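# A closer look at the structure
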Amino acid sequence: MYFGSVAQYVAIAQSEDIVFENEDNYQKQTYRNRTYIYGANGRLLLTIPIKHTGKKGRQLYKDVRIENDFEWQTLHWRSLETAYRTSPFFEYYEDELVHLFEKKREFLLDFNYECMQAINDCLQLDLSFSKTEEFIKEPEDAIDLRALINAKKEKKHDLESYTQVFTEKHGFIPNLSILDLLFNEGTNALTYLENQSIF
């Protein structure tokens, strides 16, 4: 996921043996190339443009390339600055994250792992995980949380509210990008994740 949602990070923070799906087909309208932040006008979508192959049929997620003809990285970073510059912890974490928006990347999946590692470092979340080597539709002996990637069919989670930059304008907006929680809660973000329930 591209700076995954709070619910996704609740699952990550509360899991011990994590296996990330690397062999599935790419699907549109998922958190693979999108994230939602809290802008001045409410929920704001940031989308990474991808290259379309022009071929009919499915494309593996790990083969999806980022379309770098657009200045999407500059746009996304400016959007984050505009939304969170006044948040309590933006300046604390910006040096840990800005590099992700300065260099072009080729593959979406690789970039998402890089973003996840940066978030884990910011959260001080010591995460060990493995990656699938083949696609299994119904894995045994595991809790299948792959549905958390679906933005369109997203299940509502009862997440505790926290203070957001524009709360007074639009109220609390739950389950935004992990960046929203990080910039607003800072060092308390991991504790927050560990105390939520999405199961």
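On a predicted model such as this, the values are computed, not experimentally measured, just so you know.

Moving on, we get to the packing of helix α2 (residues 72-84) against helix α3 (residues 90-97). At a minimum axis separation of 11 Å, α2 and α3 run at an interaxial angle of 170°. Comparing their axes, α3 and α2 come out roughly antiparallel. Residues Trp77, Leu80, Glu81 and Tyr84 of α2 form the contact with α3, whose own contacting residues are Phe90, Glu94 and Leu97. Partitioned by chemical class, the residues of the contact of α2 with α3 number five nonpolar, no polar and two charged.

Turning our attention to the packing of helix α4 (residues 108-123) against helix α6 (residues 178-185). The description of two helices packed together rests on the angle between their axes and the distance between the axes. At their nearest, the axes of α4 and α6 sit 11 Å apart, and the two run at 25° to each other. Taken together, the axes of α4 and α6 lie roughly parallel to each other. Here the hand of the crossing between α4 and α6 comes out left-handed. Seen from α4, the contacting residues are Ile119, Cys122 and Leu123; seen from α6, they are Ile178, Leu179 and Leu182. When its residues are assigned to classes, the contact of α4 with α6 shows six nonpolar, no polar and no charged.

Once that is clear, we can look at the nonpolar core. Taken as a class, soluble globular proteins show a tendency for nonpolar side chains to be buried jointly. Counting 64 residues, the largest nonpolar core has Phe3, Tyr9, Ile12, Leu80, Leu97, Ile119 and Leu193 as the members making the most contacts within it. Within the residue set of this core, elements represented by two or more residues are α1 (6-13), β1 (18-20), β2 (34-39), α2, α3, α4, α6 and α7 (189-194). With residues up to four places along the chain from it excluded, the contact list for Tyr9 reads Met1, Gly4, Met116, Ile119, Asn120, Leu123, Ile178 and Leu193.

Attention shifts here to the confidence of the model for the protein. In the predicted model, the protein carries a mean pLDDT of 90, and the fraction of residues at 70 or more is 97%. Averaged pLDDT values over the elements of the protein bottom out at 81 in strand β4 (residues 129-131) and peak at 98 in α6.

This next bit is on the pairing of strand β3 (residues 42-47). Across a regular strand the side chains alternate sides, sitting on one face of the sheet and then on the other. With six bridges connecting them, β2 and β3 associate as antiparallel partners. Residue pairing for β3: Tyr36 is matched across the bridge by Leu45.

So, on to the side chain of Glu94. Along the chain, Glu94 turns up in helix α3. For Glu94, a relative accessible area of 18% translates into the label buried. A distance of 3.1 Å separates polar atoms of two side chains, one belonging to Glu94 and the other to Arg85. Apart from the residues lying within four places of it in its own chain, the contact partners of Glu94 are Trp77 and Arg85.

Let us look at the packing of aromatic side chains. A full pass over the atoms with the stated rule returns 19 aromatic pairs. Of note, Lys131 hangs over the ring of Tyr113, and the distance from its end group to the ring centre comes to 4.1 Å.

Calculation criteria
Residues numbered from 1 in each chain as written. Predicted model: local features only at pLDDT ≥ 70, side-chain atom pairs only at ≥ 80, totals over all residues. Heavy atoms only, no water. Axes fitted to C-alpha atoms, helices over the stretch in contact; angles between N-to-C directions. Helix = DSSP H or I, 4+ residues; strand = E, 2+ residues; numbered from the N terminus. Parallel < 35°, antiparallel > 145°, perpendicular 65-115°, else oblique. Contact = heavy atoms within 4.5 Å. Nonpolar A, V, L, I, M, F, W, Y, C, P; charged D, E, K, R; others polar. Left-handed = near helix turned anticlockwise from the far one by under 90°. Core = buried A, V, L, I, M, F, W, Y, C linked by side-chain atoms within 4.5 Å. Buried < 20%, exposed > 50% of the residue type's maximum accessible area, 1.4 Å probe, protein only. pLDDT = per-residue confidence, 0-100. Pairing = 2+ DSSP bridges. Polar contact = N/O pair within 3.5 Å; in protein donor to acceptor, adjacent residues only side chain to side chain. Phe/Tyr/Trp six-rings, centres within 6.5 Å; stacked < 30°, edge-to-face > 60°. Lys NZ or Arg CZ within 6 Å of the ring centre and 35° of its normal.

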